[in-house]
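# An overview of the molecular structure
Listed below are the residues making up each chain.
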Amino acid sequence: VTDDQRGPRPPVVGMVGAGQLARMTCQAAIGLGIGFRVLAGTPDDSAALVCADTMTGDYTALPDLLAFARGCDVLTFDHEHVPGEHLAALERAAADKAGAGQSGPAVRPGGAALRYTQDKLAMRERLRAFGVPCPRHAPVTDLAAVSACAADWGWPIVLKAVTGGYDGRGVWVCGTPEEAAGVLAHPVVVFAEENVAFDAELAALVARSPHGQGAAYPVVQTVQRGGVCHEVLAPAPGLAAGRAREAQQMALELAAELDVTGLLAVELFAGPAGLLVNELAMRPHNSGHWTIEGARTSQFEQHLRAVLDLPLGDPWMAAPQAAMANVFGAASPDIFGRYEHVMAADPGVKVHLYGKQVRPGRKIGHVTVLGSDMAGLRSRARRAAAYLATGEEGE
Ligand SMILES: Nc1ncnc2c1ncn2[C@@H]1O[C@H](COP(=O)(O)OP(=O)(O)O)[C@@H](O)[C@H]1O
Ligand SMILES: [Mg+2]
């Protein structure tokens, strides 16, 4: 078979990082029939186990990134940890190629946008300048500065790592000056934030393509424990329609303002005073896993469509409601031994496992249930997730 007979080559998306987000994006790429490759830290990474075109390398090493980018039409990310100077170098390399009449991989989202997912202090300041409501915050380097914040906002004070935090690692709620002093003793750059007394945490997930098309998913409620997302309820129960529209509008405007290409997840606190933005992610997000079955277009397909500058898919729900529960590793690793029970007990539960080694507390999968009775959906999802993790029905 010659190249002519094969027809035009499908576009190739390269995703830096090979965790579960890349793994689920790979599934969507298969459906679209496009090329998809991942840059994995090790061959055992969640996506490396399933993606035929895996390169093993170091995302903090520019030569590895440049080698990975060769042959890709678009470069995108399953995490926010690629150093900013490397993102800039990749963008320069693409611009040089374009100058020479060749096409280099477009970096989507670009480094200028990704910066606001990498540096929480820069994100706070940028959002404030754009007029987006956020928790009160201040840069701090010593206990006197933290105490000055507490004099204004009261204890507890939230200290947050400026860079590198995820799943609550890098967030410390300090009830006393002693606790704050303990955090400040670590060699981590932090800033201080008021402790927000929210009624619920929400997430507004939108997609934006390079030519500016936007699509907004229904606003969801996320339930965190210890800073880690455990459940997602779609749409957010009890959220007034006007509030939901406000969150979607804010996310779409932010995506345009920051020139995001691909997905933008806006994490929000909802309280009596309205909505406050907590943080941003520019990639598929845990709050959107329910969209695999629960929306007409999954967030993973949507991200690929957006970064390829294809028309976006319908983000609306495929059922009135969806509940998602994360599966966390527990002491006993034999998840597959528990499949039979979970599947027999509730054929409506959809199970997703990430191929990750089971370690206590590690996110290793999720389950989704669709229907129209949120309390029931939620308890079915929780029960299945708990049983998969532990072999017990309880929480
Ligand atoms: N200012 C705050 N007030 C109250 N709770 C907070 C605050 N900031 C973070 N949290 C809690 O900690 C969780 C993790 O914080 P976040 O800033 O989103 O960090 P991560 O990058 O780890 O997700 C949030 O989902 C929320 O439950
Ligand atoms: Mg968060």
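You'll find the structure just up there.
Presented here is an overview of the structure given in this document.

Thresholds applied
Residues numbered from 1 in each chain as written. Chains lettered and ligands numbered in written order. Predicted model: local features only at pLDDT ≥ 70, side-chain atom pairs only at ≥ 80, totals over all residues. Heavy atoms only, no water. Near = heavy atom within 4 Å. Polar contact = N/O pair within 3.5 Å; in protein donor to acceptor, adjacent residues only side chain to side chain. Donors = N, O, S within 2.8 Å, 3.2 Å for Na, K, Ca; no water. Helix = DSSP H or I, 4+ residues; strand = E, 2+ residues; numbered from the N terminus. Buried < 20%, exposed > 50% of the residue type's maximum accessible area, 1.4 Å probe, protein only. Core = buried A, V, L, I, M, F, W, Y, C linked by side-chain atoms within 4.5 Å. Contact = heavy atoms within 4.5 Å. Pairing = 2+ DSSP bridges. Axes fitted to C-alpha atoms, helices over the stretch in contact; angles between N-to-C directions. Phe/Tyr/Trp six-rings, centres within 6.5 Å; stacked < 30°, edge-to-face > 60°. Salt bridge = Lys/Arg side-chain N within 4 Å of Asp/Glu carboxyl O. Expected span 1.5 Å × (residues − 1). Arc of directions from axis to C-beta.

Moving on: the site of ligand 1. Of all residues adjacent to ligand 1, which total 20 residues, the nearest are K160, G168, E201, N278 and E279. The contact in question runs from a nitrogen atom of ligand 1 to an N or O atom on the side chain of E193, over 2.8 Å.

Looking now at the coordination of the magnesium ion (ligand 2). Taken together, E267 (OE) and E279 (OE) make up the protein donors of the magnesium ion (ligand 2), found 2.0 to 2.2 Å from the metal. Placement of E267 in strand β14 (residues 262–271) and of E279 in strand β15 (residues 274–281) is noted, with a sequence separation of 12 residues between them. Comparing E267 with E279, the two get one shared label, buried.

On to the nonpolar core. If you look at the biggest cluster of nonpolar residues, it comprises 44 residues, and the most contacted ones within it are L264, V266, L268, V277, L280 and M282. With six residues, helix α9 (residues 241–257) is the largest single contributor of residues to this core. With residues near it in sequence (within four places) discarded, L264 still touches A204, L205, V206, A251, L254, A255, L280, A281 and M282.

A few words on the sheet that holds strand β7 (residues 157–161). Each strand in a sheet pairs with its neighbour through backbone hydrogen bonds, running either in the same direction (parallel) or in the opposite one (antiparallel). Across the sheet, four strands lie side by side as β6-β9-β7-β8; this open sheet has antiparallel pairing. The open sheet is flanked by β6 (137–139) and β8 (171–174), the only strands paired with a single partner. On average, adjacent strands in this sheet sit at an angle of 25° to one another, irrespective of strand direction. The strands that helix α6 (residues 120–129) touches are β6, β7, β8 and β9 (190–194); relative to β6, the one it contacts most, it runs at about 130°.

Attention shifts here to the packing of aromatic side chains. Aromatic ring pairs are described here by two measures, namely the spacing of the ring centres and the angle between the planes. Tallied over the full model, the rule gives three aromatic pairs. Consider the rings of F198 and F269, whose centres lie 4.9 Å apart with planes at 5°: the pair is stacked. Placement of the pair is F198 in the loop between β9 and β10 (200–208) and F269 in strand β14, with a sequence separation of 71 residues. The partly exposed category is assigned to F198, whose relative accessible area is 34%.

Take the pattern of salt bridges next. All chains considered together, the criterion is met by 17 salt bridges. Taking the shortest distance from any N to any O, the salt bridge between R124 and E193 comes out at 2.7 Å. Here R124, found in helix α6, pairs with E193, found in strand β9; they are 69 residues apart in sequence, far enough to count as distant. We classify R124 as buried; its relative accessible area is 0%. E193 gets classed as buried once you look at its relative accessible area, which sits at 2%. The partner of D259 in a salt bridge is R208, and the shortest N-O contact between them spans 3.1 Å. Taken together, the residues D259 in the loop between α9 and β14 and R208 in strand β10 connect sequence positions 51 residues apart. What makes D259 partly exposed here is its relative accessible area of 48%. Bridged by salt links that share partners, the residues R225, E231, R378 and R382 form one connected network.

The subject of this paragraph is the sheet that holds strand β4 (residues 74–77). The parallel open sheet is built from five strands, whose spatial order is β3-β2-β1-β4-β5. If you trace the sheet from one side to the other, it starts and ends with β3 (53–56) and β5 (106–107), each paired once. Direction of pairing for strand β1 (residues 12–16) relative to strand β2 (residues 35–40): parallel, over a ladder of five bridges. The residue bridging V13 from the neighbouring strand is F36, located in β2. Strand contacts of helix α2 (residues 20–32): β1 and β2, with the helix running at about 165° to β2, the strand carrying the most contacts.

When β10 meets strand β12 (residues 220–225), the two strands line up antiparallel, connected through three bridges. What sits directly across from L202, in β12, is Q221.

Of all nine residues making up helix α11 (residues 299–307), eight are buried, and the element is well covered by its neighbours. Considered for burial, the residues of α11 that qualify are Q299, F300, Q302, H303, L304, R305, A306 and V307.

Take the environment of V107 next. In this fold, V107 is placed in strand β5. A sequence separation of 243 residues divides V107 from K350, and the C-alpha atoms of the two residues are 33 Å apart. V107 has contacts with L75, F77, L87, L90 and E91, leaving out every residue within four places of it along the chain.

Attention now goes to α9. If you check α9, its first and last C-alpha atoms are 24 Å apart, about what 17 residues at 1.5 Å a residue would give, namely 24 Å. When α9 is considered as a whole, its buried residues turn out to be A244, A247, Q248, M250, A251, L254 and A255. Along the axis of α9, the buried residues cluster in a sector spanning 160°; they form a single face. Residues of α9 that are exposed and point over 90 degrees away from its buried face: A241 and R245. Contacts from the buried residues of α9 go to α6, β10, β11 (214–216), β14 and β15. Remark: D259 follows α9 within two positions and exhibits a positive phi of approximately 55°.

Within the element layout of this structure, R37 appears in strand β2. R37 sits in the buried class, given a relative accessible area of 17%. A polar contact is formed between the side chain of R37 and the backbone oxygen of R70, at a distance of 2.7 Å. Setting aside residues no more than four positions away along its own chain, R37 makes contact with V12, V13, G14, M15, C51, D53, F68, R70, G71 and C72.

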